[in-house]
Amino acid sequence: MTLTCLYDNPRTLVLGRSENKVLWHPLFEDFARYYGFTPRACQPHRPRTKGKVESGVKYVKRNALAGRRFNSWDELNGWLERWSLEVADLRIHGTTHERPIDRFAHEQLTPLGTRPPYHYQRVQMRQVANDALVMLGAARYSVPVEYVGKTVSVQESATHYEIFHQDRLIARHAKAARHSVVMEPAHYAGLLRAAGNPSPATPPRFDPYFSGFGEVMVRDLKLYEALSQNEGGEAR
């Protein structure tokens, strides 16, 4: 890992400038601080500094890849690793006038493997809708129905959403495509009728006085037809 890294003002990293200071994307700035390196951005309208960034790409394309074909990513990566060790690291670098392998020896670079990988996490607050769904990233995800109307916190990783209520994990979903609806059947336990189950023998009685009205009388439809006509047989 190097102490400084130079970037060509990509929009994903550089949000702009204020008083000659670079405004880095907060997530990238946190990433740089975690690994302990200082990011630098090329000066706008100065191709000379931009060339320093692109020259390495040009060198790899012209020296390592030109005229070669690879059958898989593994084959490509294997070749690039051999090329780096046997060619790129042994040449005299045009800027430092040293072999990169010698430069690496006294740079005392810190291996990335000595610290845990950076953990990307984003926390959002949401209110659970009446259908027990939470809107996230243009898609909707379910939570247990008892949390309808409550405010929950959502921790977003690169691949998943974890939904919490008062520090309690209540749902975890893999990220889905935009406009998807992801529903976990267990979140609606007691509300959804299982497939193939017959209807209950008697309807639910929400009114405590329901039983006092007795059964509904069933009449022949001919009786209603007769009542709908007047004495002369004309329809009313």
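Quick caveat: nothing in here was measured; it's all calculated off a predicted structure. (Residues numbered from 1 in each chain as written. Predicted model: local features only at pLDDT ≥ 70, side-chain atom pairs only at ≥ 80, totals over all residues. Heavy atoms only, no water.)

## Concerning the confidence of the model for the protein
Logical step 1: When the pLDDT values of the protein are averaged, the result is 82; 82% of them are 70 or greater.
Logical step 2: Helix α5 (residues 221-227) is the least confidently modelled element of the protein, averaging 72 in pLDDT, while strand β7 (residues 139-142) averages 96, the highest of any element. (pLDDT = per-residue confidence, 0-100. Helix = DSSP H or I, 4+ residues; strand = E, 2+ residues; numbered from the N terminus.)

## Concerning the nonpolar core
Logical step 1: Within the largest apolar cluster, 13 residues are counted, with the highest numbers of intra-cluster contacts made by Val128, Val134, Leu136, Val143, Val152, Ile163 and Ile170.
Logical step 2: Secondary structure elements with two or more residues in this core: β6 (133-136), β7, β8 (151-156), β9 (160-165) and β10 (168-174).
Logical step 3: Those residues in contact with Val134 that lie beyond four places of it in its chain are Arg126, Val128, Ala139, Arg140, Tyr141, Val143 and Val152.
Logical step 4: Counting residues in each nonpolar core, the second largest holds nine residues, with Val14, Tyr35, Phe37 and Tyr118 among its members. (Core = buried A, V, L, I, M, F, W, Y, C linked by side-chain atoms within 4.5 Å. Buried < 20%, exposed > 50% of the residue type's maximum accessible area, 1.4 Å probe, protein only. Contact = heavy atoms within 4.5 Å.)

## As for the pattern of salt bridges
Logical step 1: Per the stated rule, a full pass over the model turns up six salt bridges.
Logical step 2: Taking the shortest distance from any N to any O, the salt bridge between Glu98 and Arg103 comes out at 2.8 Å.
Logical step 3: Overall, the relative accessible area of 25% leaves Glu98 in the partly exposed class.
Logical step 4: For Arg103, a relative accessible area of 30% corresponds to the partly exposed category.
Logical step 5: Asp102 serves as the salt-bridge partner of Arg99, at 2.9 Å between the closest nitrogen and oxygen.
Logical step 6: Note on Arg99: relative accessible area 30%, which makes it partly exposed.
Logical step 7: When its relative accessible area of 34% is taken as the criterion, Asp102 is described as partly exposed. (Salt bridge = Lys/Arg side-chain N within 4 Å of Asp/Glu carboxyl O.)

## Description of the sheet that holds β10
Logical step 1: Strand order in the open sheet formed by four strands is β5-β8-β9-β10, with antiparallel pairing between adjacent strands. Each having just a single partner strand, β5 (122-127) and β10 make up the two edges of the open sheet. If you compare each strand with its neighbour and ignore which way they point, the axes differ by 25 degrees on average.
Logical step 2: Of the pairings in the sheet, the one linking β8 to β9 comprises four bridges and is antiparallel in character. Bridge assignment links Ser153 to a residue of β9, and that residue is Phe164. (Pairing = 2+ DSSP bridges. Axes fitted to C-alpha atoms, helices over the stretch in contact; angles between N-to-C directions.)

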